[in-house]
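# Residue-level structure breakdown
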Amino acid sequence: MREDGRPNHIQDALAVLHKNQWYTWTDSSNKIYANLRLTEKIGVNGNMVDNLVTELPTESAVNAKLKELQDAWDAANG
């Protein structure tokens with residue numbers, strides 16, 4: 001997310017697709033879709049439980065969500 005709050009990275013879209021930290025990166029310094037992976041466990045109310053998300057969204061779905069967030073931000077801050 002930019003300093004002004006406008007979504008500008010796929011991580012902004014991923015964060016709103018599901019609750020909790022359901023995804024991770026194979027290379028945290030290169031956060032691109034190709035490096036996206038599901039976590040095996042997630043923290044819920046202080047407990048580690050199996051990740052209920054069993055499938056990554058497609059790259060096009062993530063990009064569409066990012067565009068949706070950007071369009072909403074642009075409309076509200078235009």
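Look up a bit, the structure's there.
Here is a short report on the structure shown in this document. Values in this document were obtained by computation on a predicted structure and should not be read as measured data.

## A short note on the packing of helix 1 (residues 10-17) against helix 2 (residues 59-77)
Running from amino to carboxyl end, helix 1 crosses helix 2 at an angle of 95°, the nearest separation of the two axes being 8 Å. Comparing their axes, helix 2 and helix 1 come out roughly perpendicular. Here helix 1 contributes I10, D12, A13, L14, V16 and L17 to the contact with helix 2, which in turn contributes V62, N63, K65, L66 and L69. By residue class, the composition of the contact of helix 1 with helix 2 is eight nonpolar, one polar and two charged.

## Side note on the pattern of salt bridges
Counted by the stated rule, this structure contains five salt bridges. One salt bridge in this structure joins K41 and D50, with 2.6 Å as the shortest N-O distance. Residues K65 and E68 are paired through a salt bridge, measuring 3.1 Å at the closest nitrogen-oxygen approach. One end of the pair is K65 and the other is E68, both in helix 2 and three residues apart, which spans about a single turn. Exposure remark for E68: the relative accessible area of 45% places this residue in the partly exposed category.

## Considering the pairing of strand 4 (residues 47-50)
Of the strand pairs in this sheet, strand 3 (residues 41-44) and strand 4 are connected by four bridges, and their pairing is antiparallel. Following the sheet pairing, V44 is matched in strand 4 by N47.

Criteria and cut-off values
- Residues numbered from 1 in each chain as written.
- Predicted model: local features only at pLDDT ≥ 70, side-chain atom pairs only at ≥ 80, totals over all residues.
- Heavy atoms only, no water.
- Axes fitted to C-alpha atoms, helices over the stretch in contact; angles between N-to-C directions.
- Helix = DSSP H or I, 4+ residues; strand = E, 2+ residues; numbered from the N terminus.
- Parallel < 35°, antiparallel > 145°, perpendicular 65-115°, else oblique.
- Contact = heavy atoms within 4.5 Å.
- Nonpolar A, V, L, I, M, F, W, Y, C, P; charged D, E, K, R; others polar.
- Salt bridge = Lys/Arg side-chain N within 4 Å of Asp/Glu carboxyl O.
- Buried < 20%, exposed > 50% of the residue type's maximum accessible area, 1.4 Å probe, protein only.
- Pairing = 2+ DSSP bridges.

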